[in-house]
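Fold and contact review
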Amino acid sequence: MKKAVTGLKDYFLHFGKAFANGDIWTKMSVLFMGAGHIRNGQIFKGVLVQAVQIIFYLFTVQVTLKYLPKLSTLGTVQREEQFDPLTMTKTVNHYDNSLLILLFSLVGIVFTVIFILFFIQNEKHIYQVQRNREAGKHINNFREDLKELINGKFYITLLGLPAIGVLLVNIIPILFMICIAFTNYDKDHQPPTYLFTWVGLSNFKTLFTTSITDSFGYVFVRILLWTLIWAFCSTFTTYFGGIFLAKFINDKRTHWQKMWRSLFVITIAIPQFVSLLLIGKMFSNHGIVNAFCNTSGLTGFLQNIGLVSRGLNYVPFLSKPIWAHIMVILINIWVGVPYQMLSATGILMNIPQDQFEAAKIDGASERQIFWKITMPYVLFVTGPSLLTAFIANINNFNVIYLLTTDFTTTNMKFANANAKEVDLLVTWLFNLTNNYSNFKMASVIGICCFVICVFLTLINFARFIRDNREEEFQ
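Anyway, here's the lowdown on the structure attached to this text. Computed from a prediction, not measured in an experiment: that's the story for all the values here.

1. Remarks on the pairing of strand E1 (residues 81-84)
In the sheet, E1 pairs with strand E2 (residues 89-92) via four bridges, with the strands oriented antiparallel. From the neighbouring strand, Glu-81 faces E2, where its bridge partner is Val-92.

2. Quick word on the nonpolar core
Core analysis: the largest hydrophobic core is formed by 29 residues, its most contacted members being Leu-207, Val-219, Ile-394, Leu-425 and Trp-428. Residue assignment for this core shows that the elements contributing at least two residues are helix H8 (202-207), helix H9 (216-249), helix H16 (366-394), helix H19 (425-434) and helix H20 (439-466). Here the element with the most residues in this core is H20; it accounts for ten residues. When residues no more than four places from it in sequence are discounted, the contact partners of Val-219 are Lys-413, Phe-414, Ala-417, Ala-419 and Trp-428. In terms of nonpolar packing, the next biggest core, distinct from the first, is built from 25 residues, Trp-226, Val-308, Met-327 and Val-399 among them.

3. What to know about unusual backbone geometry
For residues besides glycine, phi is generally negative; the peptide bonds are generally trans as well. The step from Pro-191 to Pro-192 runs through a cis peptide bond, and the omega angle for that step is 0°. Structurally, the position occupied by Pro-192 is in the loop between helix H7 (154-180) and H8. Positive phi, close to 60°, is recorded for Leu-74, a residue that is not glycine. Residue position: Leu-74 is located in the loop between helix H4 (43-67) and E1. Residue class for Leu-74 comes out buried when judged on its relative accessible area of 0%. Not every positive phi belongs to a glycine, and Ser-437 is a case in point at roughly 55°. Locating Ser-437 in the fold gives a position in the loop between H19 and H20.

Criteria and cut-off values
Residues numbered from 1 in each chain as written. Predicted model: local features only at pLDDT ≥ 70, side-chain atom pairs only at ≥ 80, totals over all residues. Heavy atoms only, no water. Pairing = 2+ DSSP bridges. Helix = DSSP H or I, 4+ residues; strand = E, 2+ residues; numbered from the N terminus. Core = buried A, V, L, I, M, F, W, Y, C linked by side-chain atoms within 4.5 Å. Buried < 20%, exposed > 50% of the residue type's maximum accessible area, 1.4 Å probe, protein only. Contact = heavy atoms within 4.5 Å.

So this is what it looks like as structure tokens:
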């Protein structure tokens with residue numbers, strides 16, 4: 001932290017030094033950013049930099065200054081329509097749009113910060129070029145600068161567009177979502193007809209408390225617990241299932257290895273949403289699986305042992321909470337194991353065979369070889385991807401949503417929070433926004449998901465990279 005503060009201090013000190021010690025053209029560059037480049041013979045760069053400055057000023061005048069002053073209130077003039085009987089038309093007043101005010105204010109702030117950093121860097125660069133010119137050193141022209149960007153500084157060129165993409169697609173939406181969590185943006189405050197405003201930490205308080213009118217606190221704890229259970233079970237069942245399947249198929253004693261491998265690869269070739277929708281219909285209350293259970297007497301047997309209520313003539317595979325929780329995990333094994341099987345196959349084929357031969361000579365059994373040699377090697381190689389799979393399963397939308405589209409909760413506390421017992425945080429968030437327009441609470445839940453994923457990522461990656469054990473597997 002101290003090092004970062006020192007670096008930031010030096011960054012601005014170098015800017016002050018460049019302005020104080022620069023010539024008149026360097027100082028003029030504070031007002032006209034391209035002046036110093038033009039003076040030093042870099043005409044094209046000067047024109048380009050000046051064009052960037054003009055575009056930024058135009059954007060500031062046309063957008064930032066129009067919306068940013070209203071950011072503190074998110075607008076005060078509500079939309080109103082008036083009917084003019086003379087012209088038989090409706091007229092609309094000049095109203096404020098809270099959504100646009102928040103969005104364009106954020107964009108303006110982000111672009112302003114980026115421009116300030118660019119402005120400081122430009123001034124420092126001009127001063128450096130001035131010193132090179134006074135010392136009689138060579139100054140690059142535009143063609144040489146372009147060649148340097150393709151060769152010596154190619155990393156800047158290569159990362160330029162992705163950085164812009166991350167800014168527009170990731171950073172600004174995340175900042176926007178965080179801001180929405182501190183507003184009352186919901187179905188009763190929908191722009192442009194209605195305004196929404198800042199409410200501070202009220203939404204976070206709602207998420208973590210339970211009252212007669214709000215049951216978000218009750219529901220959040222249970223959905224969070226189910227999300228973590230689901231992520232753990234779905235990750236490790238598919239992980240170890242894929243490894244065991246790959247070990248079985250690649251064993252020398254297994255016949256028709258290509259056929260077995262091809263059968264499981266076919267499940268990957270079929271789009272996942274098609275498979276999940278089909279399986280969901282098969283296990284529905286009146287699907288083909290329940291028809292078989294009724295015909296075979298399995299439904300009656302489950303009723304006799306108390307697993308199915310006697311008032312039901314079907315097995316509630318995907319319509320009762322406990323049944324649905326178990327079924328989605330089992331179905332996910334069938335969907336996810338083939339992917340892990342393919343990756344595990346490649347890893348198993350690259351384990352040095354001399355380790356197996358040495359273990360056999362020392363009298364190790366097949367089980368000992370697997371747990372002492374195979375699994376440590378596989379875990380070392382796939383550790384980071386295992387963590388990625390766990391984080392992905394926390395946000396696994398497809399499996400839960402597509403399998404439980406017909407699930408209806410009978411718990412009034414869940415119903416009051418617009419949730420279902422089988423929801424993950426991400427599917428709950430989706431329902432709140434898509435079906436109930438409760439954007440404020442969805443944003444709060446989104447922030448919670450983000451914090452959980454970041455925390456787990458930092459903790460687990462720290463454990464994986466803490467000790468460099470690469471030499472053990474070479």
